[in-house]
There are 2 protein chains.
Amino acid sequence: MSAALSRIAPLLKSAAPGTTVTTAGWVRTRRDSKQGFSFVELNDGSCMANLQLVIDSGVPGYADVIKHVTTGSSLRVSGELKESPGANQRVELHVQSLELLGEADADKYPLQKKRHSFEFLREIAHLRPRTNTFGAIARVRNCVCRAIHDFFQQRDFLHVQTPLITTSDCEGAGEMFTVTTLLDPDREAKGFKPGEIDYSHDFFGKKASLTVSGQLEGEIFACAVGPIYTFGPTFRAENSNTTRHLAEFWMIEPEAPFYELVDDMQLAEDFIKFVIRACLEHCAEDMQFFNDRIDNTVLSTMQNILDHQFKRVSYTEAVALLEKSGKTWEYPVAWGINLQAEHERWLTEDHFKQPIIVYDYPRTLKPFYMYCNDDGKTVRAMDVLVPRVGEIIGGSQREHRLDVLESRLAESGLDPAAYWWYLDLRRYGSVPHSGFGLGLERMILLLTGMQNIRDVIPFPRTPKNAEF
Amino acid sequence: MSAALSRIAPLLKSAAPGTTVTTAGWVRTRRDSKQGFSFVELNDGSCMANLQLVIDSGVPGYADVIKHVTTGSSLRVSGELKESPGANQRVELHVQSLELLGEADADKYPLQKKRHSFEFLREIAHLRPRTNTFGAIARVRNCVCRAIHDFFQQRDFLHVQTPLITTSDCEGAGEMFTVTTLLDPDREAKGFKPGEIDYSHDFFGKKASLTVSGQLEGEIFACAVGPIYTFGPTFRAENSNTTRHLAEFWMIEPEAPFYELVDDMQLAEDFIKFVIRACLEHCAEDMQFFNDRIDNTVLSTMQNILDHQFKRVSYTEAVALLEKSGKTWEYPVAWGINLQAEHERWLTEDHFKQPIIVYDYPRTLKPFYMYCNDDGKTVRAMDVLVPRVGEIIGGSQREHRLDVLESRLAESGLDPAAYWWYLDLRRYGSVPHSGFGLGLERMILLLTGMQNIRDVIPFPRTPKNAEF
């Protein structure tokens, strides 16, 4: 059945008038003319645009079927493509046979042709991919994912799957979910006693959690097979109900041996530009939609990012600029503070007006695994900041000197025994190496202009919400 | 630093003698000649083969450095490529400058040049990617992942990320892990009382688990934007200590609207052949290694799969063949039984001697979501069986008729209210659709000839084991 079907995107783009085709999809609208024709807009998700069907009342079965051809119903149709007299499309399909696959009761189908709020659509996340906006997000998301793989594969980075369930903790990058079988109905039998939790009876024999980062395991492979990247889900059990936080999101984490911080920064810049170029090239129609309907700075922001070499600004320089800005900050600025969103946005949007990379942060602000500079005060960390979204990538050169790493662990109050294998990487054939992390959903926010991160992931997980 | 480095694979393959290069990697062996030369085998993970370094004792710093150039240590070297007099390599590097990056104490480094058992290497999973076998597995695994994306992207399937944390249950496909914050130290404050568990106080407000399949959510997107595929981790909390089971593994699940079972079977066949061809083409050296060192039927099995159209065999035919085989089975054969590994292996290895697809299984054996045939007895399920590994893919056409699906839910004792959104897909614009699942690690077992699934995933998770 499928083999005989044409998809709508290539039909609209390049199929020759006169061609006989069979296609299928979902009805967006139907309009009946007084001359005994029906015009149906059919969409199959391959592109934003619909295929216009022209259905003569003489088509076999018309009288029985046409009343069920309502918004949301599904059709399979065959006919001849003809040049369209309308301005909105190159071709239209003159239907010769028509099959109703599935009805959509007009009194009940929630997605009638009108504007729905994103809040409402989140309640029907199983239907929202059928709308223009969420169809476009799905296509852009796919394009980003493909570009990410292409970028790293072209550079001979190996795709590595780091574990999701972990008994390590990437230095308290966030609160973690516990993964357990102790709460099974037969938990008493498994050693669960009120008032105490004996994880030796749990599935993994010790407390296990969902990972907050694959970095430490990524370093293992980078220090063995060369540059690698991960592409997988990560988790935060933080009770944050904001438009920027998810309990489950996807991260891409490259890690490369022999890379120092300057190499890492260049990789990050090349990476972001590559992904943006791919979307502008392969999702032009969808990107135009986001610019027209969601945020009219989407395309200019993309162009701004592509047009500029990302400016490298040390943390120390950045703080000096913020202090000299004459602005009043909600969070006062001084060397040693964490840069807040207001500071980052001012630097990239107001001062530099282009993407920047802030590097060499105070060591007290950063995790134990970052490379200590000779100044004794800073570590080789970097954050990429872009206009309208702020921080989009965070990375660092990793500390590869065993003695320095051990003293940093001690300084951070962490137990070196828990990091025995991470330390082994520094004991045996240690090499300089660096990496970064990109939150996939942050990248989609940047590309689409969408405001709420719950709308750029298929099924968002947030406090009190894991429906679908 | 990195920009100036050449990787070893392209040097060995195609770099011109006379070229001056800088490279870096890990020492496999060193041998000192009486004529004042050292020969070092250097590996950087880009390929199985090592680059031979020829280091004259006149190289600056030689006397200080060379004694630390031991197995496992890391080096950066520059020099001139020359044609090699040896039979094992086209070129070798005559070193002009030499920098020891990291030592590897020969008394302590666990990976000395000798054969280690896979059991031992599992204990040092942070170092095993530095061995020939695990380096090759990493490269083949990457090649498979890339081929999977290429296959679906070339066919305009969209990559969709379905959720990991879920409150649904894909029809008891397996025991599930609970994801919770109730076991935090402050659990009493969150409403956890001995003897009862009140999930309304948990992070998601109800009992949440790690997914066993993204299929149901994949169907949502397939019924909106066209064919899609997922590529993500899935979980089973089964206490199975076997060479074939993992608590965490990666699955690829395509789902396509308008596909019936015949289309699904063809997609699965094309898919497996595409992935195998990619590995034979891009990982020829590694595949030869597996054939030589791990299992000498690897290459002939691959060729057998490529050479044959997969034979379609109905479950009913398969049972008749098994009954007529004259074999004595551990699990007796009759229409209605689940085919066991012994049956599947006999069919594909002994009887047909090629890959087969068994389809139309008894409905009583299969989940509620599979399409019921008109015979009232079977459903449109299919399993792809290949020699040496057995079942590698399982799939089905999905039941898209609302009334049939509702009665199947009832028959299975499932609560329709829990499947409200899944039923909505059949209420509004329902279309025939089909999909399948491939376990990534099963595919790697097939390609490498490795025997234990714990050896083909970077960091295996099994009962009592979530180290690294």
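Refer to the structure printed above.
Reference entry: report on the structure contained in this document. Bear in mind the structure is a predicted one, so any value in this text is a computation, not a measurement. (Residues numbered from 1 in each chain as written. Chains lettered and ligands numbered in written order. Predicted model: local features only at pLDDT ≥ 70, side-chain atom pairs only at ≥ 80, totals over all residues. Heavy atoms only, no water.)

## Concerning the overall build of chain A
Right, so step 1: Secondary structure assignment for chain A yields 13 helices and 17 strands.
Right, so step 2: With respect to the principal axes defined by its C-alpha atoms, chain A has extents near 85 × 65 × 45 Å.
Right, so step 3: In chain A, 68% of the contacts between residues at least 6 apart in sequence involve partners at least 24 apart.
Right, so step 4: Accessible surface for chain A amounts to roughly 17,600 Å². Of this, 48% is attributable to carbon and sulfur atoms.
Right, so step 5: Where the 51 positive side-chain charges of chain A centre and where its 63 negative ones centre are 5 Å apart. (Helix = DSSP H or I, 4+ residues; strand = E, 2+ residues; numbered from the N terminus. Contact = heavy atoms within 4.5 Å. Areas by Shrake-Rupley, 256 points an atom, 1.4 Å probe, with all protein chains shown as cover. Lys, Arg positive; Asp, Glu negative; His and termini not counted. Charge placed at Lys NZ, Arg CZ, Asp CG, Glu CD.)

## Quick notes on the relation of the copies chain A and chain B
Right, so step 1: When chain A is fitted to chain B, the residual RMSD is 0.0 Å, and the transformation amounts to a turn of 180° plus an axial shift of 0.0 Å. On the angle and the small slide along the axis, the relation comes out as a two-fold axis.
Right, so step 2: Of all interface residues in chain A, 100% are interface residues in chain B too; the two copies therefore contact each other through one and the same surface. (Least-squares fit on C-alpha atoms with pLDDT ≥ 70 in both.)

## A look at the packing of aromatic side chains
Right, so step 1: All chains considered together, the criterion is met by 54 aromatic pairs over all chains.
Right, so step 2: With centroids separated by 5.8 Å and ring planes inclined at 85°, the aromatic side chains of A:Phe221 and B:Phe459 adopt a geometry described as edge-to-face. A residue pair is termed interchain when its members come from two chains, as with A:Phe221 in helix α5 (residues 215-225) and B:Phe459 in the segment after α13 (440-448). Of the two residues, A:Phe221 and B:Phe459, both sit in the buried class.
Right, so step 3: Between B:Tyr315 and B:Trp335, the aromatic rings sit 5.6 Å apart at their centres with planes inclined by 85°, giving edge-to-face as the arrangement. With B:Tyr315 in helix α9 (residues 315-324) and B:Trp335 in the loop between α9 and α10 (341-351), this residue pair connects regions lying 20 residues apart in the sequence.
Right, so step 4: With relative accessibility at 0%, the residue B:Tyr315 sits in the buried group.
Right, so step 5: Take B:Trp335: its relative accessible area is 35%, and that puts it in the partly exposed class. (Phe/Tyr/Trp six-rings, centres within 6.5 Å; stacked < 30°, edge-to-face > 60°. Buried < 20%, exposed > 50% of the residue type's maximum accessible area, 1.4 Å probe, protein only.)

## Considerations on the sheet that holds strand β11 (residues 228-235) of chain A
Residues and elements named next belong to chain A.
Right, so step 1: With respect to topology, eight strands assemble into an open sheet ordered β7-β11-β12-β17-β16-β15-β14-β13, the strand pairing being mixed. At either margin of the open sheet sits one strand with a lone partner, and together these are β7 (158-159) and β13 (311-314).
Right, so step 2: Strand direction decides the pairing type here: β11 and strand β12 (residues 248-257), joined by eight bridges, are antiparallel. Counted as the bridge partner of tyrosine 229 is proline 254 from β12. (Pairing = 2+ DSSP bridges.)

## Focus on the environment of B:Gly429
Right, so step 1: Considering the arrangement of structural elements, one finds B:Gly429 in the loop between α12 (420-427) and β16 (433-439).
Right, so step 2: Judged by its relative accessible area of 0%, B:Gly429 is buried.
Right, so step 3: On a C-alpha basis, the gap between B:Gly429 and B:Ala224 in space is 9.5 Å, while along the polypeptide they are 205 residues apart.
Right, so step 4: Not counting residues within four places of it along the chain, the set of residues in contact with B:Gly429 comprises A:Trp26, A:Gly72, A:Ser73, A:Ser74, A:Gly102, A:Glu103 and A:Ala104.

## Concerning the interface of chain A and chain B
Right, so step 1: The interface is formed by 117 residues belonging to chain A together with 117 residues belonging to chain B.
Right, so step 2: Both faces considered, chain A and chain B share a buried interface measuring about 9,400 Å² in area, 64% of it formed by carbon and sulfur atoms.
Right, so step 3: When residues of chain A are sorted by the area they lose upon contact with chain B, A:Gln161, A:Phe258 and A:Tyr428 head the list and together hold 9% of the total.
Right, so step 4: Inspection of the region where chain A meets chain B yields zero salt bridges.
Right, so step 5: Summed over the shared surface of chain A and chain B, the result is 47 residue pairs in polar contact (both at pLDDT 80 or more).
Right, so step 6: Sort the elements by how many residues they give to the side of chain A that touches chain B and helix α4 (residues 132-154) of chain A lands first, with nine residues.
Right, so step 7: When grouped by side-chain class, the residues that make up the side of chain A that touches chain B number 58 nonpolar, 33 polar and 26 charged.
Right, so step 8: Pairing geometry for strand β9 (residues 178-180) of chain A and strand β8 (residues 178-180) of chain B, over three bridges, is antiparallel. The residue bridging A:Val179 from the neighbouring strand is B:Val179, located in β8(B). (Buried area = accessible area lost by both parts, 1.4 Å probe. Salt bridge = Lys/Arg side-chain N within 4 Å of Asp/Glu carboxyl O. Polar contact = N/O pair within 3.5 Å; in protein donor to acceptor, adjacent residues only side chain to side chain. Nonpolar A, V, L, I, M, F, W, Y, C, P; charged D, E, K, R; others polar.)

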